[in-house]
Amino acid sequence: MRTRLVCTTLLAAGALLTSAGCAKTDANSNGPAKPRAVKAVAGCEKNGWTDPSDLSPDRAPARCAKGTPAPVRLSKTRKLTIATGTLSAEYVAPLEMALEKGEFKKEGLDVTLKVLPTPDALPLLAKGDIDAQWAAPEAAVMNGIEGGFDIKWVASNFSSDPKSRSGLWVRLKKGESPDHVSMAGRRLGTMIGKGSVISYPMDKALKKHGGGLDKIQFQQLGAADVLTALQNGGVDSAWLLDPVWRKVDGDKRYAFLGGQPAGEPLGGLLYGPKLLTEDPDAGVALLRAYIRTVNTYFAGDYKKDPAFVADLAKLLKTDKAVLESTPSLHMDWEIRSGTTDRLQAAYRTAGVSKGTPLPESKVVDRAMYGEAVGHKP
């Protein structure tokens, strides 16, 4: 018997009240959709799709030729709203660049990016008040789907470069080394709660050093306080994001224990009922524009081009030097097999989700990005 929360879904350290009365959708809305015709797409024939089961850390992400997949303009313009938690983070850059370069307009889409935290956006997505969400399959999303929300993860966002050290850092005690650290019982400072997708790589890193989400003490802190708490001894360890980790990198008093798994994106686009079932043509068009933007502007090490980094800094309203201080992200629209299983295992360990895990088919839909690149199932 499942014991997931239905009207109250957990997110981070607090509770998300889905005040939309649980906004239950039609019982058949999560069932298999009618197969859509898939045509070959020029420029995507060779590498536009990779095997989802390839979990090798050094796998090459799918790529089409620059400027592809070509736009297929809708007969009537659609107005779409995409919620995102921020507009200043680098992983949001493909959406902002797609707007800046008119890639959405080429598809007949009038897109608005709206800043909304996940707790506020999730019930709106389920009701169809917004069309998509640039987020992740967090514990709140899983609980919402279990409660009847017609939401699916339809495309990924990025994985970290192997040179990145965004992740779990610890202040070494006397006698410890980066290879010999005991994490059990330590206090970990983070701005990310247990219900976040980061729980998965965090648990993985902790277990390598005798810890685990169930063996440490969490202290949730503001973004500006995490590093300070680590440096002044307020916490023993911390999850440091780009570019904050650069402040301790190279300092022998600290050790990096691990970050996001290489080659495995943990977030991206979530669709609600409007794009999943009511208007899948628009859903595919949105993904086509996103994928084309990645192939055109973010296909490789995009930070090698100083002019592009300057444009990107302006778009994200951040300092060019800050962007240049960390490696390029590996932008990636594909979803790996088993990611949602691993995420749910971490949520159960963290105590924010209970009961039988949702099967991947209830959470993930690869068909739309498959159609966008011409991949026939």
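Residues numbered from 1 in each chain as written. Predicted model: local features only at pLDDT ≥ 70, side-chain atom pairs only at ≥ 80, totals over all residues. Heavy atoms only, no water.

**Remarks on the nonpolar core**
The test is simple: Definition used in this section: a nonpolar core is a set of buried Ala, Val, Leu, Ile, Met, Phe, Trp, Tyr and Cys residues joined via side-chain atoms within 4.5 Å. Exposure categories follow from relative accessible area, calculated using a 1.4 Å probe and restricted to protein chains: below 20% of the type maximum is buried, above 50% is exposed, and the middle band is partly exposed. Put simply, DSSP H or I for four residues or longer makes a helix, DSSP E for two residues or longer makes a strand, and each gets a number counted from the N terminus. In this description, contact between two residues means that some pair of their heavy atoms is separated by no more than 4.5 Å.
Judged by nonpolar contacts, the single largest core of 97 residues is most densely connected at L286 and Y290. In terms of residues, this core owes the most to one element, helix α8 (residues 280–297), which gives 9 residues. Beyond its immediate chain neighbours, meaning those up to four positions away, Y290 contacts P94, L95, W134, A155, S156, N157, L269, D332 and W333.

**Focus: the confidence of the model for the chain**
Note the cut-off: One number per residue, pLDDT, summarises how confident the predictor is, and it ranges from 0 to 100.
For the chain, per-residue confidence averages 90 on the pLDDT scale, and 91% of positions sit at 70 or higher. Ignoring residues within four places in sequence, the model shows residues 1–31, a span with pLDDT below 50, making 68 contacts including any to other chains.

**Remarks on the side chain of E96**
Formally: For the purpose of counting charges, residues Lys and Arg are taken to be positive, whereas Asp and Glu are taken to be negative. His and the chain ends are not included. Whenever Lys or Arg places a side-chain nitrogen within 4 Å of a carboxyl oxygen from Asp or Glu, that contact is recorded as a salt bridge.
Within the secondary structure, E96 is located in helix α1 (residues 93–100). There is no salt bridge for the buried E96, and the closest opposite charge comes from K317, which lies 6.1 Å off by N-O distance. When neighbours within four sequence positions are excluded, E96 is seen to be in contact with L87, L113, L315 and L316.

**Some points on the environment of A126**
Among the secondary structure elements, A126 is positioned in helix α3 (residues 118–127). When its relative accessible area of 3% is taken as the criterion, A126 is described as buried. Sequence separation between A126 and T68 is 58 residues; the distance between their C-alpha atoms is 31 Å.

**Thoughts on the pattern of salt bridges**
Side chains bearing opposite charge may pair, as long as their charged atoms lie close to each other. Across all of its chains, the model carries 21 salt bridges by this definition. The shortest N-O distance in the salt bridge between E103 and R292 comes to 2.7 Å. Here E103, found in helix α2 (residues 103–106), pairs with R292, found in helix α8; they are 189 residues apart in sequence, far enough to count as distant. We note a salt bridge from K163 to D161, for which the minimum N-O separation is 3.2 Å. Taking the relative accessible area as the measure of exposure, K163 reaches 60% and is therefore exposed. Classification of D161 by relative accessible area gives buried; the value is 12%.

**Observations regarding the side chain of R336**
Here is the rule: Here a polar contact is recorded for every N or O atom pair within 3.5 Å, except that within protein the pair must consist of a potential hydrogen donor and a potential acceptor, and residues adjacent in sequence are included only if both atoms are side-chain atoms.
Structurally, the position occupied by R336 is in the loop between β14 (330–331) and α11 (339–350). Reaching out from R336, the side chain makes a polar contact with the backbone oxygen of D51 at a distance of 2.9 Å. Side-chain polar atoms of R336 contact the side chain of E334, separated by 3.2 Å. Among residues more than four places away in sequence, those in contact with R336 are T50, D51, P52, D54, L55, R59, G263, E264, P265, E360 and R366.

**Structural notes on the packing of aromatic side chains**
Formally: Each Phe, Tyr or Trp ring, with Trp reduced to its six-membered ring, pairs with another whose centre is within 6.5 Å; inter-plane angles below 30 degrees give stacked pairs, above 60 give edge-to-face pairs, and intermediate values give tilted ones.
In the structure shown here, the tally under the stated rule is 7 aromatic pairs. Through pairs of rings, three or more aromatic residues link up here, namely F298, Y302 and F308.

**Quick look at the environment of K376**
Structurally, K376 is set in the segment after α13 (367–372). Residues K376 and R246 lie 130 residues apart in sequence; the distance between their C-alpha atoms is 43 Å.

**As for the state of the cysteines**
Rules: Count a disulfide wherever a pair of cysteine sulfur atoms falls within 2.5 Å.
Under the counting rule described, the total for this entry stands at 1 disulfide. Across the disulfide from C44 sits C64; the S-S distance is 2.2 Å. Across the disulfide from C44 to C64, rotation about the S-S bond amounts to roughly 110°, and the bridge is consequently right-handed. Within this pair, whereas C44 is found in the loop between β2 (14–17) and β3 (78–84), its partner C64 is found in the loop between β2 and β3, the two being separated by 20 residues in sequence.

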